[in-house]
4 protein chains.
Amino acid sequence: MGMIGGGRGAFIGAVHRMAAGIDGQIDLVAGALHVNPEIALLSGQDLFLKPERNYRTYQELFEKESQLPEDERIDFVSIVTPNHVHYDPARLALENGFHVVCEKPMTYSLEEALALEKLVNETGLVFALTHTYTGYPMIKQAREMIQSGVFGKIRKVVVEYPQGWLSTFLESTGQEQATWRTDPKRSGKAGSVGDIGTHAENLAETITGLKIVELCADVSTFVEGRLLDDDANVLIRFDNGAKGVLHVSQISAGEENPVNIRVYGEKGGIQWHQHDPNTMYVKWLDKPMEVYRTGTGYMGAMAQAHTRTPSGHPEGYLEAFGNIYRNFAKVVQARIDGKEPEPEFLDFPTVHYGVRGMQFIDAVIESGEKNAQWIKL
Amino acid sequence: MGMIGGGRGAFIGAVHRMAAGIDGQIDLVAGALHVNPEIALLSGQDLFLKPERNYRTYQELFEKESQLPEDERIDFVSIVTPNHVHYDPARLALENGFHVVCEKPMTYSLEEALALEKLVNETGLVFALTHTYTGYPMIKQAREMIQSGVFGKIRKVVVEYPQGWLSTFLESTGQEQATWRTDPKRSGKAGSVGDIGTHAENLAETITGLKIVELCADVSTFVEGRLLDDDANVLIRFDNGAKGVLHVSQISAGEENPVNIRVYGEKGGIQWHQHDPNTMYVKWLDKPMEVYRTGTGYMGAMAQAHTRTPSGHPEGYLEAFGNIYRNFAKVVQARIDGKEPEPEFLDFPTVHYGVRGMQFIDAVIESGEKNAQWIKL
Amino acid sequence: MGMIGGGRGAFIGAVHRMAAGIDGQIDLVAGALHVNPEIALLSGQDLFLKPERNYRTYQELFEKESQLPEDERIDFVSIVTPNHVHYDPARLALENGFHVVCEKPMTYSLEEALALEKLVNETGLVFALTHTYTGYPMIKQAREMIQSGVFGKIRKVVVEYPQGWLSTFLESTGQEQATWRTDPKRSGKAGSVGDIGTHAENLAETITGLKIVELCADVSTFVEGRLLDDDANVLIRFDNGAKGVLHVSQISAGEENPVNIRVYGEKGGIQWHQHDPNTMYVKWLDKPMEVYRTGTGYMGAMAQAHTRTPSGHPEGYLEAFGNIYRNFAKVVQARIDGKEPEPEFLDFPTVHYGVRGMQFIDAVIESGEKNAQWIKL
Amino acid sequence: MGMIGGGRGAFIGAVHRMAAGIDGQIDLVAGALHVNPEIALLSGQDLFLKPERNYRTYQELFEKESQLPEDERIDFVSIVTPNHVHYDPARLALENGFHVVCEKPMTYSLEEALALEKLVNETGLVFALTHTYTGYPMIKQAREMIQSGVFGKIRKVVVEYPQGWLSTFLESTGQEQATWRTDPKRSGKAGSVGDIGTHAENLAETITGLKIVELCADVSTFVEGRLLDDDANVLIRFDNGAKGVLHVSQISAGEENPVNIRVYGEKGGIQWHQHDPNTMYVKWLDKPMEVYRTGTGYMGAMAQAHTRTPSGHPEGYLEAFGNIYRNFAKVVQARIDGKEPEPEFLDFPTVHYGVRGMQFIDAVIESGEKNAQWIKL
């Protein structure tokens, strides 16, 4: 694979590399690892890229890799840059015949997202969006159980993603992660709503199979001087009549990353918490709550197909991330081999989820700007 | 004490009696325990009331008790009837010189609440509203820490009260608790919002010392045939600029009663969960989360004054309830003795909280009826 | 009831009074509340005892109460003194026809315990030993499930009772609870083993229905200057071939009182933890762990009969304690009324459990003295 | 690297490969993956080994790899076979100049362990034993805090490793993991004691820095027909006077793998639980318990050096395992480069821990055979 972004000073690039490496079947062989060409080259040296495939810019990467023989060139690129540099490299990749793994939110704007979706549809290339949380085996179990109807019609969803790391004016210190994420020129129109709100939205829609059709969002910027939102409380309504609450925050001081989702149907429901991702609480109207655990024999087929260790050997974030890469790579490999991929490998977030996320951002921000009026998606 | 309501078929009456009895200084000596005079008498016999003080109606109770010598008559009544029978007995009690303990929500309507507040002010009698959760020692600790400013300015509050017991059309089976709580003639204009929403509102305002000034509520009735709301998701804004989410539900299948509140300030915050009421999580921006436990030496004075057992000996709901009774009784006793009560005993919800709760109900229901528009409190 | 001990400076006396009071059917009317007659009288005044029934000594109490008319005298005494003053007042009570509630460990020595058992058998009076933990509804549920055979033959038991409050030489400061508990003249031959080890032993035998037949104990005194043990690790073997571990400690710094028991059978097992006494984890070989909760409809009859509040309203230590008092009082009342008590009320620890506890203490201490050799019970 | 064992039907081999791959700097290039040469070859094909380095036997592997030029041959082998095939390939590796990663318990017998230790000492080659749990960052934090003396002198250690997967006579079904682990010819003299007891022992000694000097073990085989122990309860004494309990089980029905350790000193202590490996509870005598979390700024240097993701992104078993591989590989690399390794990389279990584990097994089994007498280590 090739990587765009993810060099010195980055956070998520290393995560992608570890996630891609965990199954031992993906090698990083090319990169344009930083917007600054000098740092890009140094970053490539850090990672032992061969000099001839350690590129100064992503444009150069696509140009040169396209000219390599088919069995030598990269099969796909991972785009792990800030949001404003997602669309263009993705476009170039697709136009040059490379499959794409892309960080979320998918693009800088909804317009870009729609253009990208069109391009993916036209080229027929494989595109994966790294909504990591959907890579957890337990999320697949939740989805299977909910969509099987075992809980009856879904009535209520509560999804939350509180963080505390932007409780202070961290971007004023030059901290790189804070700086671009709070910069409208790089992050887009949303701060917390784009960075983590889309995860919450994606998680809710993915596991319930429902669509948010309307929302009402109280969007705030608590830290003085900050240019984008750092907190949002959102009422949501789903296409089947279910109601819900989605709240995200970067100013919930003391919180790390405890993504949490609760779904309630007529007969029971589930709770999953990223803090302990191998556990899911399954609640019932009239009998004891059950505690589902990954790696056990009673887990469904999809969860089992995405678990690497036996029960009691905790898997984490990198393994969930790795599941997206593993599936994506298997589908790419099947494509290369001219075969149909195994159905289980088709399970990763696609470009359509990316469009959905950008629509969500637009709706939340519009609602916030209108003092929390209801907006249809 | 005397009791109005709480006879056969009731739930909360027995809780009041146990809470009142736990400190061994309050005796039930009179009652009009049921709206049906025959059942009232039978209920009184169950509880070994003397026949001459086992009344058929609350009107009779006040008439007869008023005629007893001062040192023989009851000092106060506990009103544990459905909401529509709160105001009139409370009024009669106050007019006849009796102090009052009253269930929440305080009245059937805001008008009644305001009238009652006026009467309490005029008579100067002691009035306690049984918002049980504020009786927990850990809630007093939370209030003390938050209001001391140790967390800086409060920015966000998330308070939730999910239940699942009305997931089915239980009132159609004749189950008594369900029947009156879902009946607009007895419960008032709100179902879940009145029964448990007021608890959530009271908890949030009590521990933060802030006031909700505006809210936007998505109020639902999920169970077909039900006459009142059984779920509400509410965006809230506080007078200091803090934002929050309050959600309550009676259709969250599988949930018991896990009242949960999280408060975040600039430097940290707290989380308290009624499931484990003797524990509070204290979160900080830059250091490990602390786990506060009741009965320990580091707890504040108010929490210690409301704890009966050493650390590690869990206290529960009845002890929290008992704290309201204990404090109320101590203030009544001080009044009888012509003394000033110890300040710690003044800590129980008053008639003003009751008015506040009724305002909250009105605002939520109005917002819900207007398809979740913002309503000022 | 009358009370012996439990006056000023005491801890457990107040617990007994609250536990006895919670159901509103037991009144404290007499007492000899302290070994020092002056303090005894002051303590009785604190509790509003009538002067004529506020006794200076327990001898006086029994003498005077015996002379009262049958329907005026106390029905029973609660003995809440240090261990060396259990036997004699219990003996006097029984000889004078009073039923007895007694703190654990039951006596100062096994000899006293056997004598007391004989006396209870001869007089036929009702005797309850306050092994509080067995009063929890969830313990009754555990016992019912285990003894029903649903888990198959029991193979392993792990029971632990760690505390940290004696991590320092607290008795040197004059702290009353520490002082008598570490004094061989008042506590007996055991410190932690008697005070909390007997609780662990009682819990294990009560819920499994098995008997410990052999044990090997490593008994330690970690705090310099202390006269009795403050830690013990014990290997145990049961009469059905099950094995186990029992460990107790008063020097596990930072621990409050987290009594914890795990029982494993061939097909599954249970875990119960006093920190969250309303919850029990039920584990199975091949299906998800279940989380049992008190107050729910799926709980067994005995657990339900010992629960006061609906599910989700946590009960605690005082309610468990109150269950022992409630049952004891119901049996005493049945005796007075010449009736058979309801079977559910017969469920409280008897004098035989007290003898068993003293045998356990003797065996553990003997094993410890012999450098942890195996001792048969 | 090369791998010995870990082919078709194996469990831990894949874990080693993922752990080695996670940091993208170790490639599997040679193997003798099964005791059956045919299956060995098929297993190598599964993993895309080049045919010329896909060996039929480990003897062949060492013979052929030794003949390759130095910069083409493997640097080290991973030995992931059953216990009886640890010593001989390790010996051959060392004699041929290859560094070694070896599964635990280190050998089939103590004699082999001592011989291996001698050989490692003589050759000066790098040897790592995969006691995975010590790879967790939080274990490094525990070790740092305990050994810094912040808790005072250590008094008590409770370490447990309960599993339930051998509750039935699983080996009779041909299940491969069960079969060799319960076979004295392959596993050695111990079953549960060797497989997981050594983990518990290693964990206790590693984080406390203390040595077990004496133990008393009640060793059991509960499942009829089983040839080795499946449960052991052990009293332990440390060289500083601390006491403890170590218990392991394969018949604790319903348990997965919840390794748990508690260490208590004079002023406080820690608890760590593998179920939630990124969390450690730090308990104090006189202040609230603290909850340490990996990835946070307050963690010590060694913990930080072994953490890959920011706080709130859970790491698991594979990452802990990967830490052993990463460190081992860095030390090997330094050796190749003729440099001193960074001190942090020297942190992995060595051959000496392997000898220690075999001594522990011998002592526990001897104690068990003598009906739980005390045995000195």
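Refer to the preceding data block for the structure.
What this report covers is the structure whose coordinates are included nearby. Within every chain, residues take consecutive numbers counted from 1 along the sequence as written. For this description, chains carry letters from A and ligands carry numbers from 1, given in the order in which they are written. Owing to the predicted nature of the model, reporting of local features is limited to residues with pLDDT of at least 70; listing and counting of side-chain atom pairs is limited to 80 or more, with chain, interface and lining totals taken over all residues. For the side-chain quantities, the full set of heavy atoms in the structure was used; hydrogens and water were omitted.

1. Overview of the relation of the copies chain B and chain A
1) Next: Mapping chain B onto chain A calls for a rotation angle of 180 degrees and an axial translation of 0.0 Å; the resulting RMSD is 0.0 Å. Expressed as an axis order, the relation between the two copies is that of a two-fold axis.
2) Next: Residues are treated as being in contact if the distance between any of their heavy atoms lies within 4.5 Å. Counting the interface residues of chain B, we find that 100% of their copies in chain A are interface residues as well, pointing to one common contact surface. When the copies are superposed, the least-squares fit draws on C-alpha atoms of residues that have pLDDT of at least 70 in both.

2. Regarding the interface of chain B and chain A
1) Next: If you look at the interface, chain B gives 46 residues, while chain A gives 46 residues.
2) Next: What gets called buried area is simply the loss in accessible area from a 1.4 Å probe that two parts show on being joined, summed for both. Note on chain B versus chain A: buried area summed over both sides is about 3300 Å², and carbon and sulfur give 50% of it.
3) Next: Any carboxyl oxygen of Asp or Glu that lies within 4 Å of a side-chain nitrogen of Lys or Arg is treated as forming a salt bridge with it. In this structure, the connection of chain B to chain A is made through ten salt bridges.
4) Next: Two N or O atoms form a polar contact when they lie within 3.5 Å of each other; inside protein one atom must be a possible hydrogen donor and the other a possible acceptor, and for residues adjacent in sequence the pair counts only when both atoms belong to side chains. Applying the counting criterion to the chain B and chain A interface returns 25 residue pairs in polar contact (both at pLDDT 80 or more).
5) Next: Elements represented by at least two residues in the side of chain B that touches chain A include exactly β6 (154-162), β7 (212-220), β8 (231-238), β9 (243-249), β10 (260-265), β11 (268-273) and β12 (279-284) of chain B.
6) Next: Top element by residues in the side of chain B that touches chain A is β8(B). It accounts for seven residues.
7) Next: For this classification, Asp, Glu, Lys and Arg are treated as charged, while Ala, Val, Leu, Ile, Met, Phe, Trp, Tyr, Cys and Pro are nonpolar and the rest, including Gly, are polar. Of the residues in the side of chain B that touches chain A, the class split is 19 nonpolar, 15 polar and twelve charged. Numbering goes from the N terminus for both helices and strands, where a helix is a DSSP run of H or I of at least four residues and a strand is a run of E of at least two.

3. A look at the interface of chain B and chain D
1) Next: Contact with chain B, which involves eight residues of that partner, is made by eight residues of chain D.
2) Next: In total, chain B and chain D occlude about 670 Å² of area from one another, counting both sides; carbon and sulfur atoms represent 73% of this.
3) Next: Summed over the three residues of chain B that lose the most area to chain D, namely P288(B), V291(B) and Y298(B), the buried surface amounts to 64% of that side.
4) Next: Scanning the region where chain B abuts chain D turns up zero salt bridges.
5) Next: On inspection of chain B and its partner chain D, the count reaches two residue pairs in polar contact (both at pLDDT 80 or more).
6) Next: A per-class count over the side of chain B that touches chain D returns five nonpolar, no polar and three charged.
7) Next: Pairs of strands are assigned from DSSP output, requiring at least two bridges between the strands. Two elements, strand β13 (residues 289-293) of chain B and strand β13 (residues 289-293) of chain D, share three bridges in a ladder whose sense is antiparallel.

4. Some points on the side chain of D183(D)
All names here are of chain D.
1) Next: Among the secondary structure elements, D183 is positioned in the loop between α7 (176-181) and α8 (184-187).
2) Next: Only protein chains enter the accessibility calculation, which uses a 1.4 Å probe; a residue is then buried when its area is under 20% of its type maximum, exposed when over 50%, and partly exposed in between. The exposure class of D183 is buried, given its relative accessible area of 17%.
3) Next: In terms of polar contacts, D183 uses its side chain to reach the backbone amide nitrogen of K185, at 2.9 Å.
4) Next: At 2.9 Å, the side chain of D183 forms a polar contact with the side chain of R186.
5) Next: Among all residues touching D183, those that are not within four sequence positions of it are G188 and L228.

5. Observations concerning the pattern of salt bridges
1) Next: One pass over the structure, following the stated rule, counts 120 salt bridges over all chains.
2) Next: Of the charged contacts, one joins D195(C) and R181(C) as a salt bridge, the two residues approaching to 3.0 Å between their closest N and O atoms. Of this pair, D195(C) sits in helix α9 (residues 192-208) while R181(C) sits in helix α7 (residues 176-181); the two residues are 14 residues apart in sequence, bridging distant segments of the chain. For the pair formed by D195(C) and R181(C), the shared burial category is buried.
3) Next: Three or more residues are tied together by salt bridges with common partners; here these are E214(A), R237(A), K243(A), K376(A) and D218(B).

6. Examining the packing of helix α4 (residues 87-95) of chain A against helix α5 (residues 110-123) of chain A
Residues and elements named next belong to chain A.
1) Next: Lines are fitted to the C-alpha atoms to define the axes, a helix being fitted only along its stretch in contact, and any angle between axes, read from their N-to-C directions, falls within 0 to 180 degrees. Between α4 and α5, the shortest axis-to-axis distance is 10 Å and the interhelical angle comes to 15 degrees. Our classification of the angle between α4 and α5 gives roughly parallel. In terms of crossing hand, the pair formed by α4 and α5 is left-handed. Only E112, A115, L116, L119, V120 and T123 of α5 make contact with α4, whose side of the interface consists of Y87, A90, R91, L94 and E95.
2) Next: Here the residues of the contact of α4 with α5 are counted per class, giving seven nonpolar, one polar and three charged. For classification, angles of less than 35 degrees are called roughly parallel, those exceeding 145 degrees roughly antiparallel, those between 65 and 115 degrees roughly perpendicular, and all remaining angles oblique. What makes a crossing left-handed is the near helix being turned counterclockwise from the far one by less than a right angle; a clockwise turn instead makes it right-handed.

7. Topic: the side chain of N257(B)
1) Next: Structurally, N257(B) can be placed in the loop between β9 and β10.
2) Next: Among the residues examined, N257(B) registers a relative accessible area of 2% and is labelled buried.
3) Next: Within the structure, N257(B) has its side chain in polar contact with the side chain of Y161(B) (distance 3.1 Å).
4) Next: Leave out the neighbours within four places in its chain, and N257(B) touches Y133(B), Y161(B), P162(B), Q163(B), Q274(B), S311(C), G312(C) and H313(C).

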